[in-house]
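In case you want the letters, here they are:
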Amino acid sequence: MILSLTGCEKDDSFKEQAGDPQVNAIESGFNIEYVESSAISKNANLAKQLSKLLTTPENLMGKGERTELTLHTQIAKYISSEDGSYQSYTFHVSNTPDGVGLENILYASSDGGKSYRIYLLEYPYTEEKMMNSFLPFKPLDFKGEDITYYPLNEESKTASIDCTVLVQTYCQKDNHEDGFYPNGETCPAHQSTSVLECHVQFWGGMSSSGPGGSIGGNNGGSWPGHPNPSHTGSSGTGGAGNPSPGTEATSPLYLPMKSIVRKLGPYEDEAERDHIKEYLNDNPLLVLLIHMFLGNNPTSEQEALIRDFLDIHKVMPNAKLDRFVELNDIIQQNPWGLIQECAQQNGMDTQDYLDLYNHTIPQACQDRLDNFGAGYSNQPISDGNVPLANIDYYGVEITTYPDFDNDGNLDTESEIYQAFRENFTDLASGEEDDFQFTCDIPFNSTNTGDINWEFEPLTVQDGTDFISSNPISSILLIEADASGFLPTIATDDGAIMVSGFTNNDWTISTITTPENGSQPFSGNRQWGWIINQNGNLEFFTRAVDVASISTLLNIGASTECQQETYYDIAEATWQNLQQEIANWVNNNGGQATINTSETVRVKKEKIEEVLTDNESIDQILSNCN
Amino acid sequence: MGSIKKLLLLVGRIISPILICILSFIFFQIDIVYHVLFFGLIIILFNLNRTKYSHIISVIFSVCLSYLAFFISIGVYFGIGYLLMQFIDLDKLEEFSIYGYDMKSVHLLLPFAVYSPVLMFLFYKTLLKINKNDYSKIVMCSSIVSLIIYGLVRKGFEDEYAAAFWQSIMVLALQLIIYQKELIALFKPKNR
């Protein structure tokens, strides 16, 4: 017979994970809480007993049909009496045989942990019933249920077991009026003062003498699969106080890894399913939280949310499920929820960006793309393939108007706007020496290189249309290049199409073309002019977009570093435009100054903070540093 | 005295191209693609008397083969990467690591330490007079192992030293193979 103990590496206690302890039995005088491996291992004698079970299981279990027992020691339910004399640890058995339902191993001590009585408890329920009944952190009533237990060591075989009950509530002791579950729901005890509202919890021992219990014969030492179980009985209700000699207290610990995986499925890939199962097996507390979240009848949205959360939890093990759910709600209600506060703090009018976000290409643009045929298509913001979204604003303030047409008179706003459009491709094209790539470039110790980019019309007609009074659907290609062979591989050309035009601004949308493939960013950008709060003319560009990194480059560089590089190149591009406009205006008799650019992106660190920190989400999002 | 002169000459022939490769990296802070050119030139110019073809053809071939090995290695790297992408998220490869060395770095190690040296040996075997024997195989394997060890120690090949090291090892290996007869004769006990 093999007994294996699974993972003992987690150090976090439940209290640390889920906030203040909420799980206390008050009516019975017991405290109940989940403890993790770190707390279990501090109990040297228990650790020794567990080790004994691991190393010489046959001494305890005898020879039976069961050839393997996997005990999950990463988490246990710990029950203690108020005076500390009684304590028990209940562990989950992972490899329960078919048809048995749930198995727990109980370690109980009445001498302060000097010696332990060890039992195997068997709950002969269907999986569905267990999923519906054994919701973590929820009270349950075992009234009248049949349970079987098997003493495993001498101490437990000779103990005279009484049936008792454990009355459990999840409110803090003496705190029914303010008691809450970890998920924020009001504690039932808060709802009523009647005894029934303090929901009865089962304990594992059974005999005729306990309240509501029934007797079973004590044959001692039998093993599931054999015809002579030691005791069966039903739980009782009511009752309180410390267990008298011969009583044990337990509370079922159910870790429904298999059921959760089944609920989250179907997984076409068996390896993926096994991987999730293994991952859940290593994270029992997460299993409890997921079980609590999914409840009895989870919706497909809840299941999808858990699948997403598991993906995040793998890379961010401290992520909290409740925070993830809260964050998801915020984004569902307001797609701008994560950046709105900082955008407003930076003086950006979110309505402008909302308009840009919702901007779609007109029919004329779609018709032109369709006429081109295969390979040409709109590239909406939803095509972005990195986690970070960007909104930005780059402005140049003109305090003295220039005279571009050299007629001796300062130009008007509309003349300046037209001159800007006519010179746009020159002004927007540029270069940056020693650009710092975020990704590592092989054989390049500084990861730097000279980069350049050029805006050019797709056809001569596009060039003419672009500066005309009806530039809609004209297309500009963006040709990117870099010095050095390996940086050149990383360059990503693109294309944009004018999809909106007024006398003050024009809007472009990103498109995919056979010439340049997909545009490095997906979304909409606007160039134009306004009279700013100082009463001066201000050229600006603003955008709502998401980087669309080259998936081929993912072979050599991570998504994260590529996304940083893409956004840094965008920043270099628009800061260059600011500089070019300022020089152009200044060289033509005007006076222009560059305003500080504003960009707001939700960084990974911010999301990590939201998902792991105890500070409120609102507080975290309002911190824009 | 004559044998010492021979020895010095032999060592000079083997070491000189390596030194020139290293010096080219020290004095020319240029793109890797130019160093590929230098490599092709250095190898052939120091072994013109060992080529199977005329001098001009050999020089042209050498440069072409040097670039071919370089581009094929990169192509195979991206090709295998592309195939892998069809089955797994490559970002996740970085999560699997042994002693801090992740699977993505292993993928990058292969073109550096395996594809390109193997290609280089194969290509130069067609251009230079090289004996196919155990000695050659040992030298080839040793050079590949050296490159793998270097790649494991300095993962990511984030500096120019990686390219310089690669060229030095490859030039040394080729020279040891080309001059194997002389080297064996030198260390072989003489009959009295």
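Draft legend 1. Region of interest: the overall build of chain B. Counting its secondary structure elements, chain B contains 8 helices and 2 strands. Going through the 192 residues of chain B one by one, you find that 43% of them count as buried. Restricting to contacts in chain B with at least 6 residues of sequence separation, those with at least 24 account for 75%.

Draft legend 2. Inspection of the overall build of chain A at higher detail. Scanning chain A for helices and strands turns up 22 helices and 21 strands. Sorting the 625 residues of chain A into buried and exposed places 51% on the buried side. In chain A, of all internal contacts separated by at least 6 residues, the share reaching a separation of at least 24 is 68%. Carbon and sulfur atoms make up 46% of the accessible area of chain A, which amounts to about 26700 Å² in all.

Draft legend 3. A negative patch on the surface, seen in detail. Taken together, D269, E270, D274, E278 and D282 of chain A make up a surface patch of like negative charges. Topologically, E278 of chain A is positioned in helix 9 (residues 270–282).

Draft legend 4. Here's a closer look at the interface of chain A and chain B. Each side of the interface is counted separately: chain A has 19 residues, and chain B has 25 residues. Taking both sides of the interface into account, the surface hidden between chain A and chain B amounts to around 1800 Å²; carbon and sulfur atoms contribute 67%. Taken as a group, F443, F485 and I555 of chain A account for 43% of the area that chain A buries against chain B, more than any other trio of residues on that side. Put simply, chain A and chain B have 0 salt bridges between them. Linking chain A with chain B are 1 residue pair in polar contact (both at pLDDT 80 or more). Ranked by residues supplied to the side of chain A that touches chain B, first place goes to helix 19 (residues 485–489) of chain A with 3 residues. Grouping the amino acids of the side of chain A that touches chain B by side-chain chemistry returns 10 nonpolar, 8 polar and 1 charged.

Draft legend 5. Here's a closer look at the state of the cysteines. Residue and element names in this part refer to chain A. Enumeration over the complete set of coordinates arrives at 1 disulfide over all chains. Here C439 connects covalently by a disulfide to C561, the sulfurs 2.1 Å from one another. Disulfide C439-C561: torsion about the S-S bond near 100°, hence right-handed. Here the residue C439 occupies a position in the loop between strand 13 (430–436) and strand 14 (448–457), and C561 occupies one in helix 20 (residues 559–586), the gap between them amounting to 122 residues.

Draft legend 6. How the structure looks around empty space enclosed by the protein. Residue and element names in this part refer to chain A. Evaluated as defined, the whole model comprises 3 cavities of 30 Å³ or more. Looking at the second largest cavity, its volume works out to about 60 Å³. Residue lining of the second largest cavity: Y394, G395, V396, F420, W527, F539, F540, T541, W574, L577, Q578 and I581, and that is the complete set. Counting residues per element, the ones that place at least two in the lining of the second largest cavity are strand 12 (389–400), strand 19 (537–547) and helix 20. Looking at the lining of the second largest cavity element by element, the count peaks at 4 residues for helix 20. Looking at side-chain class alone, the lining of the second largest cavity contains 9 nonpolar, 3 polar and no charged residues.

Draft legend 7. Quick peek at the nonpolar core. Core analysis: the largest hydrophobic core is formed by 100 residues, its most contacted members being F420, F424, F455, W506 and W527 of chain A together with F39 of chain B. Not counting chain neighbours up to four residues away, the residues in contact with W506 of chain A comprise Y417, F420, R421, F424, F466, V498, G500, F501, R525, Q526 and W527 of chain A. In terms of nonpolar packing, the next biggest core, distinct from the first, is built from 45 residues, L253, A319, L611 and L621 of chain A among them.

Draft legend 8. Representation of the environment of D111 of chain A within the structure. Residue and element names in this part refer to chain A. For D111, the position within the fold is in the loop between strand 5 (102–109) and strand 6 (117–123). Residues D111 and G84 lie 27 residues apart in sequence; the distance between their C-alpha atoms is 9.1 Å. In terms of polar contacts, D111 uses its side chain to reach the backbone amide nitrogen of K114, at 3.0 Å.

Draft legend 9. Inspection of the UniProt feature "transmembrane region" (unreviewed entry) in chain B at higher detail. All names here are of chain B. UniProt records the feature "transmembrane region" (unreviewed entry) for residues 7–26, 32–49, 56–85, 105–123, 135–153 and 165–187 in the present numbering. Along residues 7–26 one finds 100% helix and 0% strand; the C-alpha atoms at either end are 28 Å apart. Taken end to end, residues 56–85 is 100% helix and 0% strand, and its two terminal C-alpha atoms sit 43 Å from one another.

Draft legend 10. Representation of the pattern of salt bridges within the structure. Applying the stated rule across the entire model yields 5 salt bridges over all chains. A salt bridge links R525 of chain A to D392 of chain A, with the shortest nitrogen-to-oxygen separation between them at 2.8 Å. Here R525 of chain A, found in strand 18 (residues 521–531), pairs with D392 of chain A, found in strand 12; they are 133 residues apart in sequence, far enough to count as distant. Here R525 of chain A falls in the buried class, since its relative accessible area comes to 5%. With a relative accessible area of 2%, D392 of chain A lands in the buried category. With a closest N to O distance of 2.5 Å, E182 of chain B and R50 of chain B form a salt bridge. Here R50 of chain B lies in the loop between helix 2 (32–45) and helix 3 (55–85) and E182 of chain B lies in helix 8 (residues 180–187), a separation of 132 residues in the sequence. On the basis of relative accessibility, which here comes to 17%, the residue R50 of chain B falls in the buried class.

Draft legend 11. Structural detail: the packing of helix 2 of chain B against helix 7 (residues 160–178) of chain B. All names here are of chain B. The interhelical angle for the contact between helix 2 and helix 7, taken along N-to-C directions, is 15°, at an axis separation of 11 Å. The angle between helix 2 and helix 7 places the two elements in the roughly parallel class. Of the two elements, helix 2 crosses helix 7, and the hand of that crossing is right-handed. Here helix 2 contributes I32, H35, V36, F39 and I43 to the contact with helix 7, which in turn contributes A163, W166, Q167, M170, V171 and L174.

Draft legend 12. Focus on the side chain of D545 of chain A. Residue and element names in this part refer to chain A. Its location among the elements puts D545 in strand 19. Classification of D545 by relative accessible area gives buried; the value is 7%. The residues contacting D545, other than those within four sequence positions of it, are I381, A389, N390, F521, S522, G523, R525 and Y567.

Draft legend 13. Structural context of the confidence of the model for chain A. All names here are of chain A. For chain A, the average pLDDT comes to 75, and 75% of its residues sit at 70 or higher. Low confidence marks residues 1–28, where pLDDT is under 50. Its contacts with residues over four positions away, or in another chain, come to 108 contacts. Confidence over residues 186–245 falls short of pLDDT 50; this stretch has 196 contacts with residues more than four positions distant or in other chains.

Draft legend 14. Geometry of the packing of aromatic side chains. Residues and elements named next belong to chain A. Under the counting rule described, the total for this entry stands at 32 aromatic pairs over all chains. Their ring planes at 70° and their centres at 6.1 Å tell us that Y107 and Y116 sit as a pair that is edge-to-face. Y107 sits in the buried class, given a relative accessible area of 0%. For Y116, a relative accessible area of 0% corresponds to the buried category. Connected via pairs of aromatic rings, a cluster forms that spans Y417, F420, F424, F455, F466, F501, W506, W527, F539 and W574. Lying over the aromatic face of Y417, R421 brings its terminal NZ or CZ to 5.9 Å of the ring centre.

Draft legend 15. Just the environment of Q526 of chain A, in detail. All names here are of chain A. When you line up the elements, Q526 lands in strand 18. Exposure remark for Q526: the relative accessible area of 11% places this residue in the buried category. With 17 residues separating them along the chain, Q526 and A543 place their C-alpha atoms 6.2 Å apart. Residue contacts for Q526: discarding those within four places in its chain leaves L356, D505, W506, T507, F540, T541 and R542.

Draft legend 16. Inspection of unusual backbone geometry at higher detail. Residues and elements named next belong to chain A. If you check the backbone angles, N406 has positive phi at about 50° while not being a glycine. Residue position: N406 is located in the loop between strand 12 and helix 16 (413–422). Overall, the relative accessible area of 64% leaves N406 in the exposed class.

Draft legend 17. Just the side chain of N532 of chain A, in detail. All names here are of chain A. With respect to the helices, strands and loops of the structure, N532 is situated in the loop between strand 18 and strand 19. Look at N532 and you get buried, because its relative accessible area is 11%. A distance of 2.9 Å separates a polar side-chain atom of N532 from the backbone nitrogen of N534. At a separation of 2.8 Å, a polar atom in the side chain of N532 contacts the side chain of E538. Other than its neighbours up to four places away in sequence, N532 contacts E397 and E538.

Quick notes on the rules
Residues numbered from 1 in each chain as written. Chains lettered and ligands numbered in written order. Predicted model: local features only at pLDDT ≥ 70, side-chain atom pairs only at ≥ 80, totals over all residues. Heavy atoms only, no water. Helix = DSSP H or I, 4+ residues; strand = E, 2+ residues; numbered from the N terminus. Buried < 20%, exposed > 50% of the residue type's maximum accessible area, 1.4 Å probe, protein only. Contact = heavy atoms within 4.5 Å. Areas by Shrake-Rupley, 256 points an atom, 1.4 Å probe, with all protein chains shown as cover. Patch = residues over 30% accessible without salt bridge, like charges linked within 9 Å, V, L, I, M, F, W, Y side chains within 5 Å. Salt bridge = Lys/Arg side-chain N within 4 Å of Asp/Glu carboxyl O. Lys, Arg positive; Asp, Glu negative; His and termini not counted. Charge placed at Lys NZ, Arg CZ, Asp CG, Glu CD. Buried area = accessible area lost by both parts, 1.4 Å probe. Polar contact = N/O pair within 3.5 Å; in protein donor to acceptor, adjacent residues only side chain to side chain. Nonpolar A, V, L, I, M, F, W, Y, C, P; charged D, E, K, R; others polar. Disulfide = S-S within 2.5 Å. 1 Å grid on protein atoms, 1.4 Å probe; cavity = no way out; pocket = protein on both sides within 12 Å on 5 of 7 lines; lining within 4 Å. Points joined across faces, edges and corners; volume = space filled by probe spheres on them. Core = buried A, V, L, I, M, F, W, Y, C linked by side-chain atoms within 4.5 Å. UniProt positions renumbered as here; feature names shortened; annotations may be inferred. Axes fitted to C-alpha atoms, helices over the stretch in contact; angles between N-to-C directions. Parallel < 35°, antiparallel > 145°, perpendicular 65-115°, else oblique. Left-handed = near helix turned anticlockwise from the far one by under 90°. pLDDT = per-residue confidence, 0-100. Phe/Tyr/Trp six-rings, centres within 6.5 Å; stacked < 30°, edge-to-face > 60°. Lys NZ or Arg CZ within 6 Å of the ring centre and 35° of its normal.

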